[in-house]
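Listed below, chain by chain, are the residues.
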Amino acid sequence: MTEEDPGPVVQRILLGAELREAREHQGLSTSDATRRLGWYAGKLSKVEQGDKSLTDRELAKAVDVFGIDAERAEVLRKLAAEARRKLPPARVPEWATKYVNLIAAATEIKLFFPDSFPGTVQTFDYAQAMLDSAVIVAPADVERMAEERARRADSLLKNERTRLWLVVGEEALHREIGGRTVLRAQLERIRTLAEAPNSTVQVLPFDGGAHACHGTSFTIITLLEGKPSIVYTEGLTGSDYLGREHVRVYNLAYDNLRAAALSPQRTIEALDRRIGELS
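Read on for an overview of the structure. (Residues numbered from 1 in each chain as written. Predicted model: local features only at pLDDT ≥ 70, side-chain atom pairs only at ≥ 80, totals over all residues. Heavy atoms only, no water.)

1. Describing the side chain of Q122
Okay, so step 1: Tracing the backbone shows Q122 in the loop between strand 1 (108-113) and helix 7 (124-132).
Okay, so step 2: On the basis of relative accessibility, which here comes to 1%, the residue Q122 falls in the buried class.
Okay, so step 3: With sequence-adjacent residues up to four places away left out, Q122 is seen in contact with F117, A127, M130, R149, A150, A153, Q186 and R189. (Helix = DSSP H or I, 4+ residues; strand = E, 2+ residues; numbered from the N terminus. Buried < 20%, exposed > 50% of the residue type's maximum accessible area, 1.4 Å probe, protein only. Contact = heavy atoms within 4.5 Å.)

2. Notes on the packing of helix 7 against helix 8 (residues 139-158)
Okay, so step 1: Where helix 7 contacts helix 8, the axes come no closer than 8 Å and their chain directions differ by 135°. Between helix 7 and helix 8, the crossing angle belongs to the class labelled oblique. At the point where helix 7 passes helix 8, the crossing takes the right-handed sense. Here F124, A127, Q128, M130, L131 and D132 of helix 7 lie close against helix 8, whose contacting residues are V142, E143, M145, A146, E147, R149 and A150. (Axes fitted to C-alpha atoms, helices over the stretch in contact; angles between N-to-C directions. Parallel < 35°, antiparallel > 145°, perpendicular 65-115°, else oblique. Left-handed = near helix turned anticlockwise from the far one by under 90°.)

3. Notes on helix 8
Okay, so step 1: When the terminal C-alpha atoms of helix 8 are compared, their 30 Å separation across 20 residues agrees well with the 28 Å that a helix rising 1.5 Å per residue should span.
Okay, so step 2: Within helix 8, the full set of buried residues consists of V142, M145, A146, E148, R149, A150, R152, A153 and L156. (Expected span 1.5 Å × (residues − 1).)

4. Describing the pairing of strand 6 (residues 239-242)
Okay, so step 1: Sheet topology places strand 5 (residues 230-234) next to strand 6; 4 bridges connect them, and they run antiparallel. Across the sheet, residue Y232 finds its bridge partner in strand 6, namely Y241.
Okay, so step 2: The turn joining strand 5 and strand 6, which pair antiparallel and follow one another in sequence, is formed by 4 residues. (Pairing = 2+ DSSP bridges.)

5. What about the sheet that holds strand 1?
Think of a sheet as strands paired side by side through backbone hydrogen bonds, with each pair either parallel or antiparallel.
Okay, so step 1: Pairing within the open sheet is mixed, and its 6 strands lie in the order 3-2-1-4-5-6. Either end of the sheet is taken by a strand with one partner, and the two such strands are strand 3 (199-204) and strand 6. Averaged over all neighbouring strand pairs, the angle between strand axes comes to 15°, with direction disregarded.
Okay, so step 2: The pairing of strand 1 with strand 2 (residues 163-169) spans 6 bridges and is classified as parallel. Pairing of F113 across the sheet is with V168, part of strand 2.

Below is the structure:
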């Protein structure tokens, strides 16, 4: 997968969003549409969420049921064909593969992590320390997964087409994951990111009191401007992708977090102070 080739996972997401929009335009509920399509219960939801591809025959049926015009149907047929392609698996847990592909193809990413820096921006040593403590990662997989995270972080730093927003709790500046030297290098990476023209980094301070997202970390991913975003949340053993009915709430929460956080300039000053303390 390259910048020019966003990969079949992303194509499935886009196809699913288009079909959902067409279904809703027809005023059909998921259950009504499923009955008309003759699909098993749950299949349409998987398609709309980008978790299942369609054959040409299945897509033709959806085009008919949803009243999609010929021009739009041709676009969907191309998306469906792209969505059926196979790519080598990423070196991440199977349930995280979708996230990796979405991040690589995103035009905008909003991240909130209250107590550490997310894998999307980790250095190799910081990632290795995090993965070493993970209960679901085999020791033999730690090094190659850390290399993969670091590679993706390097790519994101160089990728000027993706708009990145990062809000982290102040704890992330103090929790010595991997030790003082590793944390300092991680903070230096974030300091560089904070000055990149396409990135905004803010720290949510300890003394700011309550905020909108205690105990919650999440990522809001936008693939194409004007298309619905996707909210990604992750637990110890799996992940969840939340659609448009959740996106408004998470965007509102993110706006509140940014308002409560230090300004980008004060964040850079906080990073400089902490880097100095660790030197």
